[in-house]
Structure formats: structure tokens, C-alpha cells
Amino acid sequence: MNRRLWIFLAATVGATFLLLGFFGREVYRQAPPLPERVVADGGRVLFTKDDILTGQQVYQSIGGQQVGTVWGHGAYVAPDWSADQLHREITGLLDLWAQREDGKPYAQLDDERQAALRQRATRTMRTNTWDAGSGDVTVSADRAAVMAQVAAHYDAIFGTGRDPAVVKLRDAYAIHDGAVPDDARRARLTAFFWWASWSCATERPGSTVTYTNNWPHEPLIGNVPSSANLLWSIISVVVLLGGIGALVWWQTHHNEEEKLIAPAKDPLDGVALTPSMKATVAYCAAVIGLFLAQIVFGIITAHYGVEGRAFYGFDLSSWLPYSVTRTWHIQLGIFWIATAFLAAGLFLAPVVGGREPRLQAAGVWFLLVALVVIVVGSLAGEWASIMQRMGLDAGFWFGHQGYEYVDLGRFWQLFLIVGLVLWLGLMVRGLWPALTARVAAGDIEGVNRKQLLTLFVGSSVAIGLFYGAGLMYGARTHMSVMEYWRWWVVHLWVEGFFEVFATVAISFIFTRLGLVSAKSATRAVLFATAIFLLGGIPGTFHHLYFSGTPVSIMAIGAVFSALEVVPLVLVGHEAWRNRQLGLAAPWASTYRWPIACFLAVAFWNLVGAGVFGFLINPPISLYYLQGLNTTPVHGHTALFGVYGMLSIGMVLFILRRVTAGREWKDGALKLAFWSLNIGLALMVVLSLLPIGLWQAHESMETGLWSARSAEFMQQGAMQTLRWLRVVGDVVFAVGAGALAWFALGLWTGWSYRRP
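Residues numbered from 1 in each chain as written. Predicted model: local features only at pLDDT ≥ 70, side-chain atom pairs only at ≥ 80, totals over all residues. Heavy atoms only, no water.

1. Quick look at the overall build of the chain
Of the regular secondary structure elements, the chain holds 25 helices and 5 strands. Referenced to the eigenvectors of the C-alpha coordinate spread, the extents of the chain come out at roughly 90 × 55 × 45 Å. For the chain, the proportion of its 755 residues judged to be buried stands at 61%. For the chain, the proportion of contacts with a sequence separation of at least 24, taken over those separated by at least 6, is 77%. (Helix = DSSP H or I, 4+ residues; strand = E, 2+ residues; numbered from the N terminus. Buried < 20%, exposed > 50% of the residue type's maximum accessible area, 1.4 Å probe, protein only. Contact = heavy atoms within 4.5 Å.)

Given below as C-alpha cells:
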């Protein structure tokens, strides 16, 4: 029964993880070297490996990737420090030589002389002077002098000086005064920025491209797309078209529309609510509360992009800096979505298992308390770290790890893993009776239900354990290696196994409602999971094109990430099918809004994950777009549009079952559903996408440093586009408020129709 599909799934998971691990070894082997010393001509030591790694810790302590970006990963208000350092160093050298040799600034020289100086700068910056024997990198006296100038510039930005030009830059970058008050820490931070930019400009031994595959775009020294970049971009498009064609052919020839007669009444009406199922209502309340909090900090974060460090004139950044609000905005999003998934699993476990295990409700309540402690503790620690109230080592453990999406301190990360394992234990003990029950011979539907249950448990195990990949690096781990493991969490855990769990959970819901047979649901889930993971697991590498990785990472990432889009071409069909299922019986209309949320998931999967995802997937596209506002276009539409709407749908399903027998007044839900989706669309169309495309043009024409510069981002028209985001934000916030109002009304009674 479904034997070929199981073999296909097992082979897919095995082969793709083998691929991910094998080429992950290349990330370790070919990462840019961390020099033991950086030495100027004459033997003067400028800084050491320890200084660079300590500087990396300083960057982590102030929020890290929530304060600008390095190698294109992080926040979008401050510069990309690797690109900015690189450009300042190049232009500093050009001006130094021009003033000394021609007596005038570089900009005033004729074209021929400028070209000669650029050629010298290219040779100076791209020549690899790392000595594998001593571990030293040697720089010229001129370059050392310019490096000191750039370091002084960053020292001023992160310090407490009140020079008007520096204060203006801090406003543009949304960096609070005294972000790094300690002089020694600032010196090491500048060493880290220099090493990150050195990796971008220095050619790999035996190669004509830099350690970051010629990223970022910097024409002054010939940082332009490589031939491999163009080749694998073309191949990725061909693979995408071929994959779509193959999937459409398969769907046409193997799609069997089942004729299923819907039950006369809701099958779940006969399922008694157990204490643990009732306890998940508290999880639903937590989901909505965290969602509202995330919106508040999202509004503040977006406003910092307009007013710098102020909020409508009030100096908010002195005690709640941008790096704090953005950290909290992202972390709260992960927390409430994960909480909704945990609630869905805990609610379904007794339904599927058929009974309530002893002390199950106590375990569910204990897990909720643990989650509250993790949320409050991690957010407080992140604030304390960013405000420099902790030492560097303590900050990494209890404050801020400095890496986007896994910002919480290592202690809280371990605590969360313990919570996920506890959740997994509660799930398995709830499902155990169904897992161990014998299926009668010839009971095809029973066999398929058992297989679907196996998939459900497998996806739960993946959610419970794969977050542990975030433990594979430390505070002083090489950044290329750290990025490799970080994307295991962000891409595989969030985008991968959450997707699998969601697919199985929705199938469970429809099969339990009697609207889909276990046979068709199991086949569909097996096929969809295998196809999705075929591209999704090795597709993790598309985040690592320019993170100090070799060309092989680009090749694997480009090809397989293109396949991630393939299953999304059929989501319209699946969405329509879900809608039809929702109309299959009169009683099914009670699930109208959970099903509407599942419909929205299908739409945003196509638009957010598919269209906007592929916009930044091919290497040639990401070469120019990495670190620009095109990334949050994909991030918002995929994370909230898919997982956020799915989480809301699951919450509404739980609330619908808990209030079974009472008719909802769904006016507030209708407002919530449409406001959330329209508000999200307006955020993108009116603000994020135009800003991102304008930045992309500037990145292509001039360079990434310019597309992220204060001069470019503070233009009047750019500010107008930022203000236009208010329209979408307000509509979105109204939707969230309406959802909260409705949920509160289920407790007070105003969300029910009178008999």
C-alpha cells in the first residue's frame, strides 16, 4: 500500500541529506581563512585572529544581524558593513594616491588617470596575501593607513561622540548613542568588519573569484557576477521549467478525483473534549497575545526606518533601540507561530489516539508555563545584551546570539529544545494507542490511516529535534560555518518541516471530518512531502551563495532551490479543492473561516514562497538583491502569509471545536481575515516591493554599498515610500484587532448568536 511513494520519500530524504552533509563539509574546508595576524609592511601588527573573533562577539552582543548586515544577511536600515567597509577602503586608497601623486582628489582626475588608479586598487584589494604557513595577512602601509581611517569612522558611529555628521548617520542607521560604549570593544568590532570585507575582495587561491564569489557588486575593483553565477542561474531556470512540466504531466496522468459522500453530520461532534484539549485554548490565547505584541514592535521597527531613532519625535531608542524592536518582532513571530503548531498537535493527539493519557493535561499546562518563561526570559536577555549590560560570553548564553531568527541566548535555546522534546513526548503518548493498534486484514482505509499517522509522528519528531541544529556553532565559530547551521534552523526547521507538519495536520483535519478519504490524503501527503523535500533540503544552500562558500554550494543551491517552486504551481488546484470540501455538507460551513485561512495559505504559498521566493533565488538575481528590501517582501508574504495564516486557521479550528454547538457571529472574523490579507498585500505593493526594486536598480548601476547608503535611503521619494507602508500596517492591525476582539468575545459571549 503506497509502497513506491514511501520508497520515493525515504530515498529523497536520505539522498538529499547526504548531499547537504557532503557539501556542508566543503563549507568547513573552503571557508575564508581567519588570519592569525594582520600585518602592515614593516611588521607592524594591526590586529589578530582573537581581535576578529572578539569583534564578532561584540557584533553579536549589540544585536548582530539586527544592526545592518554582513555578507547580506540581517536588517535593512543600517548598511551592509562588509560592503560599506569595502567601498570606503577602496575610495580611501584612490583618494590617498590621487592627492599624493596628482595633488587633487580622485574625482577631479581625468578618465585615463582614474582608470590607472582603479587598476592599482583592484590589484591591491584582490591579491591574496594570506600566508598559509604563518597564518598572516600582509597589507601595504597605504592600505593600513586607510584601514585606520575607516576604523575611526565606525568607532565614531558606535561610540558616544556628538559630531553632527556622525549623529546624522546614526539617525539614518537607527543606531542609538553609545551602542558600544567600550573603546576596546569598538576597536575589535572594526577588525571584524575589516575581515568580512577582506573576504569579499580577496581572490581564493588558484581562482579568479573572491571568497564570496565576487559579492558584493563593486565595479571599482571588478567585483562583478562570475561566469559560474550566470551559468547556474540559467540552469536553475531550465530545471524549474522542466520540473513544472514533469509535475503537470504527472498530475494529469495520475490524478484520481475521488467521489466521497460527505457524512450527514460532523464526525467530531462525537469526540468528547478532554482536559488536555481544553487546555489548548490557553495556547490559542497566547498565540493571539504574542501576535498583537509582534505587530506593535513591527510598527515601531518600521517607523525607525523613517525617523531614525525617534518615534514621532520621542527619543525611544535610548531605552528601546531599533535592534531590540526588530529582534523582538522576529522572535515573537517565531514564537506565536510555533505555539499555534504545538497547540494543533496537542489538540489532535487525543482525537487520533482515542483517549486521554494520565496526567496529559498537567503536561500540557506545564509546557505552556515553560514557553512563557522562555519567551519572557529570552526577550529580557536580548534587551540586556543590546544595552551592553552583559559580558560577551554571558551575552551569548543569556542575551543575544546576534544571528537573525536564532537571536535568543544559548541558554534559552537549550530551554526551548527541552520544551520541544517535552511536546514531542506529549504528542507520542497521546497518539500511542492509535500507533500500536492493529489494523484488520483487508482494511485498506485503516492501513492508510495508520500510514498518515506515521507521517504525522515523523513530522512531529522533525519539529522537535531539528531545532537542535542551532547548537552546532558557538559564539566564536567561523561565520561561514555558523551560516551553514543557522540555515538548517531557518530553512529546514521553519520552512521545511513546519511545512510538512502543516500538510499532514490539514490532511488529518479533513480526514477526521470525513471530507477526504485516508487513502487519497495519504497518497497526496507522501507525494507532496517527497517533492517538497527533494528541492527543500539541498535548497538550503541558496542562502549561502555569498557566505564564503565555494562554487559547488552555488551549483547545488541554484538547481535544487528552483525545484522548491515546482509543487507550488498546483496550489491553486489544492486551494479550490479545499474550498469545495468546505461546502461538501451543510455542517461543514461551521469550519468556513479555518478553511478560508487554509485557502489563503495556498495563495500566499504561490505568491510569497513561489513568485517572490524565486525572485531572489537564482544566483544572478540574489547577487544584486541580497541584503535589499526584496528579501522582506518574500519574508513577510511567506512567513505570515503561509505560516501565519495557517496558524490562525489552526487556532480557529481549535476554538470551533471547543465551542461546538454554538453559532458564531462571524462579522469580526470576516473583517479580520480580509484585513490581514489585504493589509499584507498593501505593505508589499505600496512600500516594500517598490523600495526593493529601486534599491535593486541602484545596486546594479552603482553597487550594493550605494543601494544601502544613507544618501540613497534618505531621499525624499524613498521616505515617501516608507511612509506609505502605514496604509498596509493600519489595515493589517485592524485585522489583528478584530481577531482578538472575536476571540475575547468567545469568552464574554458577544461572539455568539442568540438561540
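2. What to know about helix H5 (residues 141–157)
Spanning 17 residues, H5 covers 25 Å between terminal C-alpha atoms, matching the ideal 24 Å at 1.5 Å per step. Of the residues making up H5, those classed as buried are Arg143, Ala144, Val146, Met147, Val150, Tyr154 and Ile157. For H5, the angular spread of buried residues about the axis comes to 165 degrees, placing them on one side. (Expected span 1.5 Å × (residues − 1). Arc of directions from axis to C-beta.)

3. Examining unusual backbone geometry
Cis geometry is found at the peptide bond from tryptophan 215 to proline 216, where omega equals 0 degrees. Note on placement: proline 216 falls in the loop between helix H7 (183–201) and helix H8 (227–254). Of note, asparagine 213 is a non-glycine position whose phi angle comes to about 55 degrees, a positive value. Mapped onto the secondary structure, asparagine 213 falls in the loop between H7 and H8.

4. Focus on the environment of alanine 528
Along the chain, alanine 528 turns up in helix H16 (residues 518–536). Sequence separation of alanine 528 and threonine 252 is 276 residues, and the distance between their C-alpha atoms is 15 Å.

5. Points about the nonpolar core
Core analysis: the biggest nonpolar cluster contains 236 residues, and Trp81, Phe158, Trp195, Phe291 and Ile648 have the highest contact counts within it. Examining the composition of this core, we find that 23 residues originate from one element, helix H15 (residues 479–512), more than from any other. Residues Ile691, Met713, Met718 and Leu721 belong to the second largest nonpolar core, which totals 5 residues. (Core = buried A, V, L, I, M, F, W, Y, C linked by side-chain atoms within 4.5 Å.)

6. Considerations on the pairing of strand E2 (residues 45–48)
As defined by bridge partners, strand E1 (residues 37–40) adjoins E2 across 3 bridges and the pair is classed as antiparallel. Bridge pairing in E2 links arginine 37 to threonine 48. (Pairing = 2+ DSSP bridges.)

7. Comments concerning the sheet that holds E1
Strand order in the open sheet formed by 3 strands is E2-E1-E5, and the pairing between neighbours is mixed. Whereas interior strands pair on both sides, the edge strands pair on one side only; in this sheet they are E2 and strand E5 (136–139). Each strand of the sheet is rotated relative to its neighbour by a mean of 20 degrees, with strand direction disregarded. Those strands touched by H7 are E1, E2 and E5, and its axis lies near 85 degrees from that of E5. (Axes fitted to C-alpha atoms, helices over the stretch in contact; angles between N-to-C directions.)

8. Description of the side chain of threonine 202
Relative to the helices and strands, threonine 202 is located in the loop between H7 and H8. Given the relative accessible area of 0%, threonine 202 is considered buried. Of note is the side chain of threonine 202, whose polar atom sits 2.8 Å from the backbone oxygen of tryptophan 198. For threonine 202, the residues in contact, after removing those within four places along its chain, are Met125, Arg126, Thr127, Asn128, Val209, Thr210 and Tyr211. (Polar contact = N/O pair within 3.5 Å; in protein donor to acceptor, adjacent residues only side chain to side chain.)

9. Structural notes on the state of the cysteines
Going through the model one piece at a time under the given rule, you end up with 0 disulfides. Cysteine 597 carries a free sulfur, and the closest cysteine sulfur to it, the one in cysteine 284, is 12 Å from it. (Disulfide = S-S within 2.5 Å.)

10. What about a nonpolar patch on the surface?
Taken together, the side chains of Tyr312, Leu671, Trp723, Val726, Val730 and Val734 present a nonpolar region at the surface, about 550 Å² in accessible area. The element best represented in the nonpolar patch is helix H25 (residues 716–748), accounting for 4 residues. Position of valine 734 relative to the elements: it lies in helix H25. Judged by its relative accessible area of 40%, valine 734 is partly exposed. (Patch = residues over 30% accessible without salt bridge, like charges linked within 9 Å, V, L, I, M, F, W, Y side chains within 5 Å. Areas by Shrake-Rupley, 256 points an atom, 1.4 Å probe, with all protein chains shown as cover. Salt bridge = Lys/Arg side-chain N within 4 Å of Asp/Glu carboxyl O.)

11. A few points about the pattern of salt bridges
One side chain can pair with another of opposite charge once the charged atoms of both are near each other. One pass over the structure, following the stated rule, counts 26 salt bridges. In this structure, a network of salt bridges that share partners links the residues Arg162, Arg170, Asp171, Asp177 and Arg309.

12. Looking at the side chain of serine 385
Here serine 385 is to be found in helix H11 (residues 360–386). In this view, serine 385 contacts Ser61, Met390, Gly395, Gly399 and His400; residues no more than four positions away in its chain are not counted.

13. Let's talk about the packing of aromatic side chains
A complete count under the given rule lists 60 aromatic pairs for this structure. Centre to centre, the rings of tryptophan 194 and tryptophan 198 are 6.2 Å apart; their planes meet at 25 degrees, and the pair counts as stacked. Linking tryptophan 194 with tryptophan 198, this pair stays in helix H7, spanning 4 residues, or about one helical turn. A single burial state applies to tryptophan 194 and to tryptophan 198, both of which are buried. (Phe/Tyr/Trp six-rings, centres within 6.5 Å; stacked < 30°, edge-to-face > 60°.)

14. Digging into the environment of leucine 18
Along the polypeptide, leucine 18 turns up in helix H1 (residues 3–29). Through-space distance from the C-alpha of leucine 18 to that of valine 461 is 19 Å; in sequence the pair is 443 residues apart.

15. Here we look at the packing of H1 against helix H14 (residues 444–466)
Running from N to C, H1 and H14 cross one another at 15 degrees; their axes reach a closest spacing of 13 Å. In terms of orientation, H1 lies roughly parallel with respect to H14. Here H1 and H14 pass one another in a crossing that is left-handed. Where H1 approaches H14, its residues Trp6, Leu9 and Phe17 are matched on the opposing element by Gln451, Thr454, Leu455 and Phe466. Of the residues belonging to the contact of H1 with H14, the class tally is 5 nonpolar, 2 polar and no charged. (Parallel < 35°, antiparallel > 145°, perpendicular 65-115°, else oblique. Left-handed = near helix turned anticlockwise from the far one by under 90°. Nonpolar A, V, L, I, M, F, W, Y, C, P; charged D, E, K, R; others polar.)

16. Regarding H15
Owing to its 3.6 residues per turn, the α-helix aligns residues three or four sequence positions apart on the same side. An ideal rise of 1.5 Å per residue puts 50 Å on 34 residues; H15 measures up with 47 Å between its terminal C-alpha atoms. When the local axis directions of H15 are compared, the greatest deviation, roughly 35 degrees, occurs at leucine 492. Judged by how many residues are buried, H15 sits mostly within the fold: 31 of 34 residues are covered. Glycine 514 sits one or two positions beyond H15 and adopts a positive phi of about 75 degrees. (Bend = angle between axes of the 7 residues up to and from the residue.)

Remember that the coordinates give geometry; whether it matters functionally is a separate question.
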